[in-house]
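Residues per chain, in single letters:
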Amino acid sequence: MTFGVKLVFFLQAFCLLTSHTHGQKKEDATAEEVKIEVLHVPKECKPTSKKGDLLNAHYDGYLAADGSKFYCSRTQNEGHPKWFVLGVGQVIKGLDIAMMNMCPGEKRKVTIPPSLAYGQQGYAQGKIPPNATLIFEIELYAVSKGPRSVEAFTQIDMDSDKKLSRDELSHYLKQEFERDGKKRDASVHDSVLVDIFKKNDHDGDGFISAKEYNVYQHDEL
């Protein structure tokens, strides 16, 4: 993964917190669950995915009712696999569940009930009718530490005091911008830094604590 992509996910993690899937509603899913069929597992099956990890995958989506294909990631973004953070709502809830504990090279076929997909309202733009059960064929290519990993926090927290100061985040941003290699006006750095603290320093003490940083609920923090 390029520094540019890493930088984009770092900024998304701090400035957007979470990205909600369009059209998806929270519904009672106690009576339904995702059905997972493992099609292929590589001999070396690690690391396995967990909440907050950054995944790279291709997947095809079908309507269970008639088998028609409504989505193919290979036809999007010039055919590149999709990057997303697992377990935080960047894909439908059923996919967040279906891709847990999955390793690079693994393939799965999963069946997702309406309550864990687009529910009673469907998703007209995506050609998904109301109350549709969905089937996805998934191939996972990469599992990496997410943008709010424990490792990233430790790297930014230079004095190891379990909180991120404005100077520490400023230093980290400068490093990431330099690695990205794109020329930017100094005001971009300043505006990003201001936005990060505005959206993450919830108690207004001038620091981003481990608790404020840990929106993905890593047990290590």
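This structure is a prediction, so every number in the text was calculated from the model and none was measured.

Caption draft 1: A look at the overall build of the protein chain. Scanning the protein chain from N- to C-terminus turns up six helices and eight strands. Its helices and strands in sequence order give the protein chain the pattern α-β-β-β-β-α-β-β-α-β-α-α-β-α, from N to C terminus. Counting the 221 residues in the protein chain, one finds 43% classified as buried.

Caption draft 2: Representation of the pattern of salt bridges. Counted under the stated rule, the structure contains six salt bridges. Taking the shortest distance from any N to any O, the salt bridge between Asp53 and Lys50 comes out at 3.4 Å. For Lys50, a relative accessible area of 34% gives the class partly exposed. Ionic pairing is found between Arg74 and Glu139, a salt bridge with its closest N-O pair at 3.5 Å.

Caption draft 3: Focus on the confidence of the model for the protein chain. The predicted model of the protein chain has a mean per-residue pLDDT of 83, with 81% of residues at 70 or higher. For the protein chain, per-element mean pLDDT is lowest for helix 1 (residues 3–15), which scores 58, and highest for strand 5 (residues 107–112), which scores 98. Predicted confidence is poor over residues 16–20, with pLDDT under 50, and the contacts of this stretch with residues over four places away or in other chains come to 12 contacts. Taken as a whole, residues 25–31 scores under 50 in pLDDT and shows eight contacts with residues more than four places along the chain or in a different chain.

Caption draft 4: The state of the cysteines, seen in detail. Going through the model one piece at a time under the given rule, you end up with one disulfide. In this model Cys45 forms its disulfide with Cys103; the gap between the sulfur atoms is 2.1 Å. Judged by the sign of its S-S torsion, about -100°, the cystine formed by Cys45 and Cys103 is left-handed. Here Cys45 is found in the loop between strand 1 (35–40) and strand 2 (54–63), whereas its partner Cys103 is found in the loop between helix 2 (93–98) and strand 5, with 58 residues between them in sequence. Exposure remark for Cys45: the relative accessible area of 29% places this residue in the partly exposed category. Under the relative-accessibility criterion, Cys103 is labelled buried at 0%.

Caption draft 5: Geometry of unusual backbone geometry. Between Lys46 and Pro47 the backbone carries a cis peptide bond, its omega angle lying at 0°. Its place among the elements puts Pro47 in the loop between strand 1 and strand 2. Positive phi, close to 55°, is recorded for Asn101, a residue that is not glycine. Mapped onto the elements, Asn101 comes out in the loop between helix 2 and strand 5. Phi angles above zero are rare outside glycine, and Ser160 is one such case at about 55°. Relative to the elements of secondary structure, Ser160 occurs in the loop between helix 3 (150–156) and strand 7 (163–164).

Caption draft 6: The nonpolar core, seen in detail. With 27 residues, the main nonpolar core has Met99, Ile112, Leu134, Phe136 and Ile138 as its most contacted residues. For this core, the secondary-structure elements that each account for two or more residues are strand 2, helix 2, strand 5 and strand 6 (134–144). Residue contributions to this core peak at five residues, all from strand 6. Apart from the residues lying within four places of it in its own chain, the contact partners of Leu134 are Tyr62, Leu63, Phe70, Ile92, Val110, Thr111, Ile112, Ala117, Tyr118 and Ile128. Formed by 15 residues, the second largest nonpolar core is a distinct cluster that contains Ile156, Phe177, Val192 and Ile196.

Conventions we followed
- Residues numbered from 1 in each chain as written.
- Predicted model: local features only at pLDDT ≥ 70, side-chain atom pairs only at ≥ 80, totals over all residues.
- Heavy atoms only, no water.
- Helix = DSSP H or I, 4+ residues; strand = E, 2+ residues; numbered from the N terminus.
- Buried < 20%, exposed > 50% of the residue type's maximum accessible area, 1.4 Å probe, protein only.
- Salt bridge = Lys/Arg side-chain N within 4 Å of Asp/Glu carboxyl O.
- pLDDT = per-residue confidence, 0-100.
- Contact = heavy atoms within 4.5 Å.
- Disulfide = S-S within 2.5 Å.
- Core = buried A, V, L, I, M, F, W, Y, C linked by side-chain atoms within 4.5 Å.

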